[in-house]
Amino acid sequence: MAANGDSCDKPQRRTGTKEKQNDSTMRERRQKDKEERLSLVLWRRPVITLHYFLLETLIKLKEWTIKLWQRRSIVFLFLVLCSLFSAAYSIEGSHQKYVQYLEKKFLWCAYWVGLGILSSVGLGTGLHTFLLYLGPHIASVTLAAYECSSTDFPEPPYPDQIVCPQLAGAEGSISLFSIMSKVRLEACMWGAGTAIGELPPYFMARAARQSGADPEDEEYEEFEEMLEQAENAQDFVTRAKMGVQHMVQKVGFFGILACASIPNPLFDLAGITCGHFLVPFWTFFGATLIGKAIIKMHIQKLFVIITFSKHIVEQMVSLIGSIPKVGPSLQKPFSQYLEAQRNKLHHGQGSKSSDDNWLSWLFEKLVLVMVCYFVISIVNSMAQSYAKRLQQQRHLVEKTK
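These figures come from a predicted structure and were not determined experimentally. (Residues numbered from 1 in each chain as written. Predicted model: local features only at pLDDT ≥ 70, side-chain atom pairs only at ≥ 80, totals over all residues. Heavy atoms only, no water.)

**Student:** Could you give me a rundown of the overall build of the chain, with the residues and numbers involved?
**Tutor:** Each helix and strand in the chain was counted, giving 16 helices and zero strands. Burial analysis of the chain (401 residues in total) assigns 34% to the buried set. The contacts of the chain with a sequence gap of at least 6 include a subset with a gap of at least 24, amounting to 70%. (Helix = DSSP H or I, 4+ residues; strand = E, 2+ residues; numbered from the N terminus. Buried < 20%, exposed > 50% of the residue type's maximum accessible area, 1.4 Å probe, protein only. Contact = heavy atoms within 4.5 Å.)

**Student:** Summarise unusual backbone geometry; cite the residues concerned and give the values.
**Tutor:** One non-glycine residue, S149, lies in positive phi territory at about 55°. You can see S149 is positioned in the loop between α5 (129-148) and α6 (176-182). Given the relative accessible area of 10%, S149 is considered buried.

**Student:** Can you lay out helix α4 (residues 96-120) for me, pointing to particular residues and giving the numbers?
**Tutor:** One turn of an α-helix holds 3.6 residues; hence residues three or four places apart share an orientation. Taking 1.5 Å of rise per residue, the 25 residues of α4 would be expected to cover 36 Å, and the 36 Å separating its terminal C-alpha atoms lies within 8% of that figure. Among the residues of α4, those classed as buried are Q96, V99, W108, C109, W112, V113, L115, G116, S119 and S120. On its buried face, α4 is in contact with α3 (72-90), α5 and α7 (184-196). (Expected span 1.5 Å × (residues − 1).)

**Student:** Please set out the packing of α4 against α5 residue by residue, giving values where relevant.
**Tutor:** Relative orientation of the contacting elements α4 and α5 amounts to 145°, with a least axis distance of 9 Å. Where α4 approaches α5, its residues W108, Y111, W112, L115, G116, L118 and S119 are matched on the opposing element by T129, Y133, L134 and H137. Among the residues forming the contact of α4 with α5, the class breakdown is seven nonpolar, four polar and no charged. (Axes fitted to C-alpha atoms, helices over the stretch in contact; angles between N-to-C directions. Nonpolar A, V, L, I, M, F, W, Y, C, P; charged D, E, K, R; others polar.)

**Student:** So what about the packing of aromatic side chains? Which residues, and what values?
**Tutor:** With the rule as written, the count across this model stands at 15 aromatic pairs. Judged by centre distance (5.6 Å) and plane angle (90°), the ring pair of W108 and W112 falls under edge-to-face. Residue W108 and its partner W112 are located together in helix α4, separated by four residues, close to a single helical turn. Assigned by exposure class, W108 and W112 land together as buried. Between the aromatic rings of Y111 and W112, the centroid separation amounts to 5.1 Å while the plane-to-plane angle is 75°, which identifies the pairing as edge-to-face. Since its relative accessible area comes to 36%, Y111 is described here as partly exposed. Using a relative accessible area of 3% as the deciding quantity, one classes W112 as buried. Each residue in the set Y202, F203, F281, W282, F284 and F285 is aromatic and connected to the rest through ring pairs, giving one cluster. The side chain of R72 reaches across the aromatic face of W69, ending 4.6 Å from its centre. A cation over an aromatic ring shows up here: K182 above the ring of Y158, its NZ or CZ 4.7 Å from the ring centre. (Phe/Tyr/Trp six-rings, centres within 6.5 Å; stacked < 30°, edge-to-face > 60°. Lys NZ or Arg CZ within 6 Å of the ring centre and 35° of its normal.)

**Student:** I'd like a rundown of the pattern of salt bridges, residues and numbers included.
**Tutor:** Per the stated rule, a full pass over the model turns up four salt bridges. Between E56 and K60 there is a salt bridge, and its shortest N-O distance comes to 4.0 Å. Residue E56 and its partner K60 are both found in helix α2 (residues 46-70); the two are separated by four residues, about one turn of the helix. We classify E56 as buried; its relative accessible area is 1%. Judged by its relative accessible area of 26%, K60 falls in the partly exposed class. The partner of E63 in a salt bridge is R389, and the shortest N-O contact between them spans 3.5 Å. In this pair, E63 is assigned in helix α2 and R389 in helix α16 (residues 354-400), connecting sequence segments 326 residues apart. When its relative accessible area of 15% is taken as the criterion, R389 is described as buried. (Salt bridge = Lys/Arg side-chain N within 4 Å of Asp/Glu carboxyl O.)

**Student:** Can you tell me about a nonpolar patch on the surface, naming the residues and giving the values?
**Tutor:** Nonpolar side chains collect at one region of the surface, where F76, L77, V80, L81 and L84 lie side by side and expose about 510 Å² of accessible area between them. Along the polypeptide, V80 turns up in helix α3. (Patch = residues over 30% accessible without salt bridge, like charges linked within 9 Å, V, L, I, M, F, W, Y side chains within 5 Å. Areas by Shrake-Rupley, 256 points an atom, 1.4 Å probe, with all protein chains shown as cover.)

**Student:** Got a sec to walk through the nonpolar core? Specific residues and values, please.
**Tutor:** L134, V141, F153, I179 and W190 are the most contacted members of the largest nonpolar core, which has 25 residues in total. When contributions to this core are tallied by element, the ones reaching two or more residues are α4, α5, α6, α7 and α13 (281-307). Excluding residues that lie within four positions of it along the chain, L134 makes contacts with W112, T129, E186, A187, W190 and M297. (Core = buried A, V, L, I, M, F, W, Y, C linked by side-chain atoms within 4.5 Å.)

**Student:** An account of the confidence of the model for the chain is needed here, citing residue identities and associated values.
**Tutor:** Note that predicted coordinates carrying low pLDDT should not be read in detail. Per-chain confidence: the chain averages 75 in pLDDT, with 70% of residues scoring 70 or above. The lowest-confidence element of the chain is helix α9 (residues 218-229), averaging 56 in pLDDT; the highest-confidence one is α7, averaging 90. (pLDDT = per-residue confidence, 0-100.)

**Student:** Lay out the packing of α5 against α7 with the relevant residues and their values.
**Tutor:** To characterise two packed helices, one gives the angle between the axes of the helices and the distance between these axes. Where α5 meets α7, the closest approach of the two axes is 10 Å, and the angle between their N-to-C directions is 165°. In terms of their interaxial angle, α5 and α7 are classed as roughly antiparallel. Here the hand of the crossing between α5 and α7 comes out left-handed. Residues T129, F130, L134 and H137 of α5 lie in contact with α7, whose contacting residues are E186, A187 and W190. Partitioning the contact of α5 with α7 into residue classes produces four nonpolar, two polar and one charged. (Parallel < 35°, antiparallel > 145°, perpendicular 65-115°, else oblique. Left-handed = near helix turned anticlockwise from the far one by under 90°.)

See the structure below:
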């Protein structure tokens, strides 16, 4: 009987060894494929990267066209609404002032929503538009509000340019709440855009879980590996990611809301987590929208306003001047720049100083570099996505042989 038991165990051991070898071979192949895809970047293989990018773009356009055709009733309704608005826009009449007001507000909101989407799309590799656009806008409004003692900036030129109103308020009449109200629309639209930018990984992971197929995304693979290795993980980052995952999975709406309501770099995987565990769409998007567009945005907005309030800025200038040896030389250009900005607020556009031109030129170049990096990352990502399609097709052909 013992001999029979040993003979029964031997096939099982052989089978287990064979499965381990297959798993090891599969991991090695996936790692090799991943390294091959990551080598597709513009500064290493520009020609083939651009070629794959164009092919992936054509595939995406075809997929989007098919999806639009499947929802042709919604597309038709949208075209009808656009036609009605176009007719109202072109026909003269007393309604034109309302049409122009709606057009201005719509374009302004769409601008900030678009910047919010750019900031969160790409799972953390997007254009960080808060630092480049929304933060400087809130800081400019804050400085102008304290200087003008009012937030009733004349429109136009606001929001393109901030100029003090002719009838300024009493000094000290500005409060944090008045400044927050002035920039609330921009901040909430930007936050709503960041919430929309979290939807693609959610839909990707949800579709992959429902179909049982491997999704074409590196972050999802990282998420799957993290779930497999979570029990033995000891490093802080993995445990923090697992903490976010457990909170989202077990607490549900309020867990997602808590993670979305604070500046959380680990929230990138929340959309994948919710999609993987089939969290309902409105539970995920509703909590993310409330957390990012209302709670988190008020925290960030309040931080910027307090940082650039009048007394804080004056303390910063005096603190710079107190630095030994180099303090006075640094304090002078900073004070001159603030004085030039105050003069511009009271006298309109006027003549720009050389310091102002230099700072504007530097900011423009910074934005240009960030935009170029964002575009290059999109090209690389789409080229790598097409390369993964080719690898999957090759593996499928090998299996059928």
